[in-house]
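# Summary of structural features
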Amino acid sequence: MENETIYILAIESSCDDTSAAVLRNNKVLSNVVATQSVHEQYGGVVPELASRAHQQNIVPVVHQALDRANIDKKLVSAIAFTRGPGLMGSLLVGTSFAKSLAMGLDIPLIEVNHMQAHILAHFIDADEMKAPTFPFLALTISGGHTQIVLVKDYFDMEILGETLDDAVGEAFDKSAKILGLPYPGGPLVDRHAKSGNPKAFQFPKPKVGDLNFSFSGLKTSILYFIQRETAKNPDFISENLEDICASIQYTIIEILMDKIKKAVKQTGIDQIAIGGGVSANSGIRAALLNAEQDMGWKTYIPKFEYCTDNAAMIGIVGFLKYQEKKFAAKNVTAQARYIIGT
Ligand code: KG4
Ligand code: ZN
């Protein structure tokens with residue numbers, strides 16, 4: 001049993017990316033992601049369009065994942081899928097597909113919590129990646145979530161703080177929208193920020209207690225600031241785009257870093273692992289690397305392709321659960337709200 005080779009076929013469909021991956025034990029053999037461009041014109045994800053696109057994508061994406069891994073589906077030991085949290089219509093596509101395939105192949109089905117997967121992606125065996133040791137703090141930052149999680153073991157996690165309103169990815173995307181940038185604006189704010197002055201403009205930081213976050217006030221203050229400045233100078237945005245983006249990004253990173261510092265102080269744990277789409281942000285990566293030098297922390301940043309939504313992270317959870325024989329019932333259903341640790 002110890003040396004058994006386990007092949008996991010993993011499926012992720014919680015939001016607007018249809019993804020399938022094949023893992024051999026904790027190594028990724030393939031990780032195919034079909035990003036849905038249909039949402040760009042609406043400035044955000046349209047749930048009904050997302051589930052329709054998942055339906056179109058899922059079969060070719062799974063085929064491609066098996067092809068690239070060079071694996072016949074008869075070799076697959078179990079199917080792992082995202083049960084939640086996410087958009088109900090999107091989750092249903094991946095869940096029904098995974099259930100049918102597991103039934104057809106007569107192999108176990110493994111349900112995965114998407115937020116747990118963002119954290120456990122650190123345990124994928126890949127070059128340039130080192131797994132954290134327990135206990136560690138995870139900062140999960142995405143378009144849907146902002147959480148500081150105390151990770152005591154693979155499946156023993158406790159949320160220490162989270163956002164009370166917008167997620168940090170939304171703060172990036174909504175700020176970008178105010179600046180007239182297309183959706184998703186987070187990566188564009190990051191790109192423009194690179195050549196800007198982060199201290200050019202000041203935005204207020206929210207006063208939220210404990211380890212919780214709030215980003216909706218920041219969005220409003222950016223909106224008022226832009227309205228005020230463009231009333232005086234209609235070309236304000238184009239003349240100052242780099243500085244505005246750098247200042248927004250600087251403020252968001254300060255908000256995140258302040259809370260992590262507080263969490264480290266509170267728990268005495270100084271191993272920090274990040275996950276979720278926003279961990280692709282070059283500013284947050286740099287701030288964490290600096291903290292290694294300045295604060296003596298150990299920081300863990302996953303490879304880019306395992307930061308944004310992907311099925312490889314679902315697959316690693318599948319592998320870990322397979323070893324513990326944590327299989328799902330055949331009548332398992334999707335769950336739009338699904339809290340880590342439940
Ligand atoms: O984890 P993810 O792919 O999907 C969700 O579960 O939400 O995260 C997507 C979010 C979007 O808000 C996107 O704008 C943001 O991650 N994002 C970034 C960067 N790359 C992706 N935000 C800031 N800087 C980036 N480089
Ligand atoms: Zn995600």
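No experiment lies behind these values; they were computed from the predicted model shown.

Time to look at the site of ligand 1. Surveying the vicinity of ligand 1 reveals 19 residues, the closest of which are Gly-143, Asp-173, Asp-190, Gly-277 and Asn-281. Backbone polar atom of Gly-143 to an oxygen atom of ligand 1: 2.8 Å apart, as the coordinates give it. Within the backbone of Gly-186, a nitrogen or oxygen atom sits 3.3 Å from an oxygen atom of ligand 1. In isolation ligand 1 offers 550 Å² of accessible surface; the protein chains occlude 88% of this area. Contributing elements (two or more residues each) for the shell around ligand 1: α3 (114-120), α4 (168-178) and α5 (186-193). Taken together, the residues that form the shell around ligand 1 break down as 5 nonpolar, 11 polar and 3 charged.

With that settled, consider the pairing of strand β5 (residues 109-113). Taken across its 5 residues, β5 has 5 buried, putting it largely inside the fold. Of the two faces of β5, both are covered, the one formed by Leu-109, Glu-111 and Asn-113 as well as the one formed by Ile-110 and Val-112. Taken together, the 5 bridges between strand β4 (residues 78-84) and β5 define a ladder with parallel strand orientation. Within β5, the position partnered with Thr-82 by the bridge is Val-112. Note that the unit made of β4, helix α2 (residues 88-105) and β5 has a crossover that is right-handed.

Attention now moves to the coordination of the zinc ion (ligand 2). The zinc ion (ligand 2) binds to the protein through His-114 (NE2), His-118 (NE2) and Asp-309 (OD); the donor distances cover 2.1 to 2.2 Å. Note that the zinc ion (ligand 2) binds 4 donor atoms; their angles at the metal cover 89 to 154 degrees, and the shape is irregular. In primary sequence terms, the donor set of the zinc ion (ligand 2) follows H-x3-H-x190-D. Taken together, the residues span a long stretch of sequence, with His-118 in helix α3 and Asp-309 in the loop between β10 (298-300) and α9 (312-323) at a distance of 191 residues. Asp-309 matches His-118 in its accessibility class, with the two residues each being buried.

Taking 1.5 Å per residue, 23 residues should reach 33 Å; helix α1 (residues 47-69) reaches 31 Å between its end C-alpha atoms and fits that length. Remark: the principal bend of α1, roughly 40 degrees, maps to Asn-57, with a proline, Pro-60, within the next four residues. Of the surrounding secondary structure, the elements contacted by the buried residues of α1 are β1 (7-12), β2 (17-24), β3 (27-35) and α2. Two residues or fewer after α1 comes Asn-70, characterised by a positive phi angle close to 60 degrees.

Read across the open sheet, the 5 strands follow the order β3-β2-β1-β4-β5; overall the sheet is mixed. Two strands close off the open sheet at either side, each with one partner strand: β3 and β5. Looking at each pair of strands side by side, their axes are set apart by 20 degrees on average, direction ignored. When β2 meets β3, the two strands line up antiparallel, connected through 8 bridges. Opposite Ala-21, over in β3, you have Asn-31 as the bridge partner. On top of the sheet, α2 reaches β1, β4 and β5; it is set at about 160 degrees to β4, its chief contact.

Once that is clear, we can look at the pattern of salt bridges. The full count for this structure, using the stated rule, is 12 salt bridges. Bridged by salt links that share partners, the residues Asp-166, Glu-170, Lys-174 and Lys-219 form one connected network.

Another aspect to go through is unusual backbone geometry. Going from Gly-84 to Pro-85, the amide bond is cis rather than trans, its omega being -5 degrees. Structurally, Pro-85 can be placed in the loop between β4 and α2. In the segment running from Tyr-183 into Pro-184, the intervening peptide bond is cis, with an omega of -10 degrees. Take Pro-184: it is sitting in the loop between α4 and α5. Notably, Asn-25 is not glycine yet its phi reads approximately 50 degrees, a positive angle. Within the secondary structure, Asn-25 sits in the loop between β2 and β3. Of note in the backbone geometry, Asp-210 takes a positive phi value of approximately 50 degrees without being a glycine. Within the secondary structure, Asp-210 is located in the loop between α5 and α6 (216-232).

This part is about α6. For α6, spanning 17 residues, the distance from its first C-alpha to its last is 25 Å, which sits close to the expected 24 Å at 1.5 Å a residue. Listed in full, the buried residues belonging to α6 are Leu-218, Ser-221, Ile-222, Phe-225, Ile-226 and Glu-229. Buried positions in α6, seen along its axis, are confined to an arc of 135 degrees and lie on one side of it. Set apart from the buried face of α6 by more than 90 degrees, the exposed residues are Tyr-224 and Ala-231. As for α6, its buried residues are in contact with α4 and α7 (236-267).

Let's shift gears to the nonpolar core. In terms of nonpolar packing, the biggest core is built from 47 residues, with Leu-179, Phe-215, Ile-252 and Met-257 touching the most fellow members. Looking at this core, the elements with two or more residues in it are β6 (136-141), β7 (146-153), α4, α5, α6, α7, β9 (271-275) and α8 (282-295). Tallying contributions element by element places α7 first for this core, with 15 residues. Excluding residues within four positions of it along the chain, Leu-179 makes contact with Ile-226, Ile-237, Leu-241, Ile-244, Cys-245 and Ile-248. Formed by 36 residues, the second largest nonpolar core is a distinct cluster that contains Ile-6, Leu-120, Ala-121 and Val-317.

Scoring rules and cut-offs
- Residues numbered from 1 in each chain as written.
- Chains lettered and ligands numbered in written order.
- Predicted model: local features only at pLDDT ≥ 70, side-chain atom pairs only at ≥ 80, totals over all residues.
- Heavy atoms only, no water.
- Near = heavy atom within 4 Å.
- Polar contact = N/O pair within 3.5 Å; in protein donor to acceptor, adjacent residues only side chain to side chain.
- Areas by Shrake-Rupley, 256 points an atom, 1.4 Å probe, with all protein chains shown as cover.
- Helix = DSSP H or I, 4+ residues; strand = E, 2+ residues; numbered from the N terminus.
- Nonpolar A, V, L, I, M, F, W, Y, C, P; charged D, E, K, R; others polar.
- Buried < 20%, exposed > 50% of the residue type's maximum accessible area, 1.4 Å probe, protein only.
- Pairing = 2+ DSSP bridges.
- Right-handed = clockwise from strand over helix to strand, strands pointing away.
- Donors = N, O, S within 2.8 Å, 3.2 Å for Na, K, Ca; no water.
- Tetrahedral: all angles 85-135°; square planar, octahedral: opposite > 155°, others 65-115°.
- Expected span 1.5 Å × (residues − 1).
- Bend = angle between axes of the 7 residues up to and from the residue.
- Contact = heavy atoms within 4.5 Å.
- Axes fitted to C-alpha atoms, helices over the stretch in contact; angles between N-to-C directions.
- Salt bridge = Lys/Arg side-chain N within 4 Å of Asp/Glu carboxyl O.
- Arc of directions from axis to C-beta.
- Core = buried A, V, L, I, M, F, W, Y, C linked by side-chain atoms within 4.5 Å.

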